[in-house]
Amino acid sequence: MNSEIVGASVRRVGGQERVTGRYRFVGDLRLEGMLHVKLVGLDCAHARVDAVQADAARSLPGVHAVVTENDLPRPMPRFGPVHHDRPILTTGYTTYHGEPVAAVVAETEELAAHAAQLVRVDYTELPSVTTVAAALDPTSPLVQDPDRRSGALAFTNVLSESRFGWGDEPGAAELVVDEAYVFPMVTHFAIEPHTFLAAPDHDGVQVWSAVQHPFALQQVLAELLGLPLAKVRVHAPDPGGAFGGKQHAKFEPLLALIAQRLSRPVRLELSLEETFQAVRRTMFEIRLRSGFFRDGRFAFQDAECNALLGAYADIGPRVVSKSTYLMCGPYRVPSARIHVRALLSHTPPATAFRGFGTPQVVWALESQLDEAARRLGIDRLEIRLRNLAGPGEEFMRGGKPADGDWGISLRRAAEEVRWSEPLPSGRGRGVAVGIKASATTGASYAIVRLHVDGSATVLSGTSDMGQGARTVLAQIAGQELGVDVLRVRVVMGDTALVPFDLQTSASRSTVFMGSAVRAACQDIHRQLVEMAAATFQLSADQVSVTGGLVQLPSRKLSFAELLAEAFAGVGGEVIGIGSRRGEHVGTHPLGGPPAFYEFSATACEVAVDDETGELTILKHISVADVGRAINPAQVESQDEGAAIMGLGHTLMEHLLFDKRGAVRNLGALDYRIPTTKDLPLALQSLLTENGDGPGPYGAKGAGEGGLFAVAPAVASAVAEATGAVVRDLPLTPERIWRALQDTKDPSDA
Amino acid sequence: MSSHRVTLDINGEPHSLDVTATQTLLDALRWQLDLTGTKKCCAEGECGACTVLLDGLAVNSCLVLATELHGASVTTIEGIGTPSSLSRLQDAFLAEGAVQCGFCIPGMVMAAHALLADQPHPDAATIRDRLSGNLCRCAGYPRILRAVQLASSQADE
């Protein structure tokens, strides 16, 4: 028996099914008698819908329905994780490009697509709001109907506004840096587009969706359909990539209503273009005014953050509040004033995206710190070390103290790129850090069943979207029960089978669900002690249990041997239950302190071609403070993946809008993400393991950090290589080239 | 929509399919034959998720019309290995930890399979180049490239 399963890079659970194409993702499921749905949208963002003429589509043989708002309950039911503002199908107006006004239901996908083209929508195009400036302009059209909002902001496009801070009024500073930074809209681009199925189920409904939060979806459906939770069954097959884009309900409510109405299973597969229009990352413009003392320490920070959400709130307000909570990063800032607005616009809803706003905030903060270092003549690594909170230090007044020795990771990253050694001209290095407040409140429950042969089944509501939760949970159960990972089954993704889990997000699953699984195993241990005592007529204190073995006064026996003896002739299994909860704390600005901070350091070396502005990343180092890696290879692969995803928004990705509010670069041809040809020449992920996390075996969450600080590290390296400072992402060759021209002496031109 | 009958070989078995003029090989595989290992993402030949072998060459099956395939030979991921009997390449993907969500992986395996059939010992630049048409958003690229190298090195043994 392998006694150290935790900490071993065992192969991915579910890997064989994936390399052979046998794993059935949601789009690969086929339901008997299912019909196909195609959505009908407009080619502009904001319009009044005057009429939907669907007779031609309805009269096609094989078309079962063309559903419009007139076919749905009135008033139109609305839903959403923060505000119930998103209608099942839009009523009267479209508010972003692609928002559907009708849904065609037909025998085949091809026929549904054909019929959708025959649906004629008469509409009147209206002006749209697609920028921060327009959203702040009081003369702009309102994105949401003021009648559905409340409070003083109802007649503006400001969805929410907050001010917070700490410390005295800022005193004298040696240097004040005042700059603005832009982080554009980018899209998740999971390779698996969104696909939804729904079917009537006697007195309830079943829905299939590759959703990160199956229990949240179950709740939404139960409320909208007026069903008890027990009658709403959500199947959540492992997502084919999610990255935050598959957290919340989208078209599942529409599909469930159509399935109920037609008494048939229905299926909707979005195209990649439609997936781009479903959700995207929150765009930020941040103006920072930071004061510094002569030695590089922060004197104060004054931030104005404007986050551009879409037409519906989705989880956007939480993205904004949670990320700007750490506007001052992991640094000691004696005085802070932070002003935050979440703005509505006629764009696809902004939702969670790996990092949950952190990369946006880090882009501004770390770029600003570099600016200060340059102007004060202080080394960029040194200025960070001088401001960085030490272990246990309460760096944010009233906040959770630093739960890691972050300087270790920062120094490692810098050393790996030979920070202090000279470089040839045309080359530069950058280093930056990022920190995220992890999961706060929320419960995770797990059930572990120990079978009579010593194998085990874990029931968990976590979604394995590629981060490897199945493997980690199997390893934890394997470690605690002394059973090989190959003899553990992890059942997920069915609300009728697995116990409640709040959500799969915020790098919380190893800490929360991992702790729940471990607690369930410990519950099994307790039961085994009682069982052994009863079976062998001993007192409980004469029996002890460690991973897989029962120690009696006279001998040891395996769990399977004990169960065989105890269950002889009757059969049975031992069922352990475990949970981990993060309780709500009303006085905390986030509703509760984060369970841990996710801290990451990035360092890189780049070469810039000053003729073309083209950038080559020669070396990229990512260091993650993970507490303890349950599966080091998996953690490293996630961190590498995050780093490469970070290179996407750093170098090439941004959604562009035309004057009508339509997305100009929908789809893979016009929106580029990194390929094998865009990799750094050398890329390495390093783990800092100090066992100081709140999860099982000292683990912290991981998997997002690798992208927090990519953009500022690369921009910093570009500035060192060329003198050109870029404050708008992405750092396209054109942008770098233009910045280079600005640095050149005009007399040379 | 009228349909045409095409007879072709898929994973070594003859099949007769009734396909419409606009139907792609990808949709025929996924909907008529329930070979769902071949994945659909961009449907415009940019992501590589739908890569299959057509007469031995790696192609994006979303760009191939099924009606053109009379007499052709198609190999999909289902024809490469099974969970209990992985190909050397598939095993190398797992050994290197190259699989995260796994959605791009069938296409990635097919592209790499075609490369190794063509060049058993490609250098690193060739592997990068030949897999550059297959997108992985989890960006397991470094490990995917290593997996192909590993499988290539094992071809000697």
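Please read these numbers as outputs of a predicted model, since none were measured by experiment. (Residues numbered from 1 in each chain as written. Chains lettered and ligands numbered in written order. Predicted model: local features only at pLDDT ≥ 70, side-chain atom pairs only at ≥ 80, totals over all residues.)

Asks: Where do I start with the overall build of chain A in this structure?
Replies: When helices and strands are counted, chain A shows 17 helices and 30 strands. Here chain A has a C-alpha radius of gyration of 27 Å; the compact-globule value for 749 residues is 27 Å, and the two agree. With the principal axes as the frame, chain A shows a C-alpha extent of 95 × 70 × 50 Å. Looking at the 749 residues of chain A, the share that counts as buried comes to 58%. Taking contacts inside chain A between residues at least 6 apart in sequence as the whole, the part at least 24 apart equals 80%. (Helix = DSSP H or I, 4+ residues; strand = E, 2+ residues; numbered from the N terminus. Rg over C-alpha atoms; globule rule 2.2 N^0.38 Å. Buried ≥ 20, exposed ≤ 12 C-beta atoms within 10 Å, placed from the backbone. Contact = placed C-beta atoms within 7 Å.)

Asks: Hey, could you run me through the overall build of chain B in this one?
Replies: When helices and strands are tallied, chain B shows five helices and five strands. Sequence-ordered secondary structure for chain B, helices as α and strands as β, is β-β-α-β-β-β-α-α-α-α. A compact globule built from 157 residues would reach a C-alpha radius of gyration of about 15 Å, and chain B, at 16 Å, matches this within 12%. Each of the three principal axes of chain B carries a C-alpha extent, and together these read 50 × 30 × 25 Å. Counting across all 157 residues of chain B, residues that qualify as buried make up 57%. Long-range pairs, those at least 24 residues apart, make up 59% of the contacts in chain B with a sequence separation of at least 6.

Asks: Where do I start with the nonpolar core in this structure?
Replies: One broad trend across soluble globular proteins is that nonpolar side chains are buried collectively. In terms of nonpolar packing, the biggest core is built from 295 residues, with A:Val104, A:Leu255 and A:Val718 touching the most fellow members. Top element by residues in this core is helix H13 (residues 509–535) of chain A. It accounts for 12 residues. (Core = buried A, V, L, I, M, F, W, Y, C linked by C-beta atoms within 7 Å.)

Asks: In this structure, what is going on with the pairing of strand E1 (residues 35–40) of chain A? I would like to understand it.
Replies: Residue and element names in this part refer to chain A. Of all six residues in E1, six are buried, a share of seventy percent or more. Taking every second residue as pointing to the same face, both faces of E1 are buried, with Leu35, Val37 and Leu39 on one and His36, Lys38 and Val40 on the other. Across two bridges, the pairing between E1 and strand E14 (residues 266–269) is parallel. Within the sheet, the bridge partner assigned to His36 lies in E14 and is Arg267. Sheet analysis places E1 next to strand E7 (residues 102–106), joined by five bridges and oriented antiparallel. (Pairing = 2+ DSSP bridges.)

Asks: It is not clear to me how the sheet that holds strand E2 (residues 47–53) of chain A should be interpreted in this structure. Could you clarify?
Replies: Strand pairing in a sheet is mediated by backbone hydrogen bonds. Such pairs are either parallel or antiparallel. Residue and element names in this part refer to chain A. Reading across the sheet, the three strands line up as E6-E2-E8 and stay open at both edges, with antiparallel pairing between neighbours. Each of the sheet's edge strands pairs with one partner strand only, and the pair in question is strand E6 (93–94) and strand E8 (120–125). Here E2 pairs with E8 via six bridges, running antiparallel. Residue Ala51 lies in a different strand from E8, and its bridge partner there is Asp122.

Asks: Hey, could you run me through helix H16 (residues 710–722) of chain A in this one?
Replies: Residue and element names in this part refer to chain A. For H16, built from 13 residues, the straight-helix expectation of 18 Å at 1.5 Å per residue is met to within 8% by its first-to-last C-alpha distance of 18 Å. The buried fraction of H16 amounts to 12 of the 13 residues, a majority that puts the element mostly inside the structure. Taken together, the buried positions of H16 are occupied by Val710, Ala711, Pro712, Ala713, Val714, Ala715, Ser716, Ala717, Val718, Ala719, Ala721 and Thr722. Gly723 occupies a position one or two residues after H16 and carries a positive phi of about 85°. (Expected span 1.5 Å × (residues − 1).)

Asks: Please clarify how the environment of A:Gly705 should be interpreted in this entry.
Replies: All names here are of chain A. Within the secondary structure, Gly705 sits in the loop between strand E30 (683–688) and H16. C-alpha separation for the pair Gly705 and Arg163, spaced 542 residues apart in sequence, amounts to 27 Å. Here Gly705 is in contact with Gly434, Glu598, Phe599, Ser600, Ala624, Asp639 and Ala642, once residues within four sequence places are set aside.

Asks: What should I look at first to understand the packing of H13(A) against helix H14 (residues 559–566) of chain A in this one?
Replies: Relative placement of two packed helices is described by the angle separating their axes and the distance separating the axes. Residue and element names in this part refer to chain A. Packing of H13 against H14 brings their axes to within 10 Å, and their N-to-C directions diverge by 50°. Comparing the axis directions of H13 and H14 gives the class oblique. Relative to H14, the crossing made by H13 is left-handed. Residues Leu528, Met531, Ala532 and Thr535 of H13 lie in contact with H14, whose contacting residues are Phe559, Leu562, Glu565 and Ala566. For the contact of H13 with H14, the class distribution of residues is six nonpolar, one polar and one charged. (Axes fitted to C-alpha atoms, helices over the stretch in contact; angles between N-to-C directions. Parallel < 35°, antiparallel > 145°, perpendicular 65-115°, else oblique. Left-handed = near helix turned anticlockwise from the far one by under 90°. Nonpolar A, V, L, I, M, F, W, Y, C, P; charged D, E, K, R; others polar.)

Asks: Before we go on, may I ask you to explain the sheet that holds strand E17 (residues 298–308) of chain A in this structure?
Replies: Residues and elements named next belong to chain A. Sheet architecture is open: five strands sit in the order E9-E18-E17-E16-E10, paired in mixed fashion. Strand pairing shows two members of the sheet lacking a second neighbour, strand E9 (158–166) and strand E10 (175–183), which therefore form its edges. The mean angle between the axes of side-by-side strands here comes to 10°, regardless of whether they run parallel or antiparallel. Judged from the nine bridges that link them, E10 and strand E16 (residues 283–292) form a sheet pairing that is antiparallel. Residue Phe183 lies in a different strand from E16, and its bridge partner there is Phe284. Relative to E10, helix H9 (residues 358–376) is tilted by about 145°, and along the sheet it contacts E10 and E16.

Asks: Even after reading the chapter, I still don't get the interface of chain B and chain A, so can you show me in this structure?
Replies: Accessible area lost upon the coming together of the parts serves often as the stated size of an interface. Contacts between the two partners involve 42 residues from chain B and, on the opposite side, 45 residues from chain A. Looking at the side of chain B that touches chain A, the elements with two or more residues in it are helix H2 (88–95), helix H3 (105–118) and helix H5 (141–154) of chain B. Top contributing element to the side of chain B that touches chain A by residue count: H5(B), with four residues. The residue makeup of the side of chain B that touches chain A, split by class, is 24 nonpolar, 11 polar and seven charged.

Asks: Is there a simple way to explain H13(A) in this structure?
Replies: Think of an α-helix as turning once every 3.6 residues; residues three or four places apart then point the same way. In this model, H13(A) (27 residues) spans 37 Å end to end at C-alpha, consistent with the 39 Å of a helix rising 1.5 Å per residue. Note on H13(A): the residue one or two positions beyond its end, A:Gln537, has a positive phi of about 50°.

Asks: It is not clear to me how the domain arrangement of chain B should be interpreted in this structure. Could you clarify?
Replies: Residues and elements named next belong to chain B. Once the domains are mapped, chain B shows domain 1 (3–79) and domain 2 (88–154). A separation of 21 Å is found between the C-alpha centroids of domain 1 and domain 2. Looking at the side of domain 1 that touches domain 2, the elements that each hand over two or more residues are strand E3 (51–54) and strand E4 (57–60). At three residues, the largest contribution of residues to the side of domain 1 that touches domain 2 is made by E3. Each residue belonging to the side of domain 1 that touches domain 2 can be placed in one class, and the counts come to eight nonpolar, five polar and one charged. (Domains from an automatic or database assignment.)

Asks: I'm lost on the domain arrangement of chain A in this one. Help?
Replies: Residue and element names in this part refer to chain A. Segmentation of chain A into domains returns domain 1 (15–22 + 442–582), domain 2 (31–126 + 194–269) and domain 3 (354–438 + 595–748). The straight-line distance from the C-alpha centre of domain 2 to that of domain 3 is 39 Å. On the side of domain 3, six residues touch domain 2, which itself brings eight residues to the contact. Residues of the side of domain 2 that touches domain 3, tallied by class, amount to three nonpolar, three polar and two charged.

Asks: Teacher, can you tell me more about unusual backbone geometry here?
Replies: Comment: phi is negative for the bulk of residues other than glycine, and the bulk of peptide bonds are trans. Residues and elements named next belong to chain A. Of note, the amide linkage connecting Arg74 to Pro75 takes the cis form, showing an omega dihedral of -10°. Cis rather than trans, the peptide bond between Leu729 and Pro730 has omega equal to -5°. Phi angles above zero are rare outside glycine, and Phe356 is one such case at about 50°. Its place among the elements puts Phe356 in the loop between strand E19 (350–351) and H9. Overall, Phe356 belongs to the buried group, with 27 C-beta atoms counted inside 10 Å. The residue Gln537 is not glycine, and still its phi comes out positive at about 50°. With respect to the helices, strands and loops of the structure, Gln537 is situated in the loop between H13 and strand E24 (544–546).

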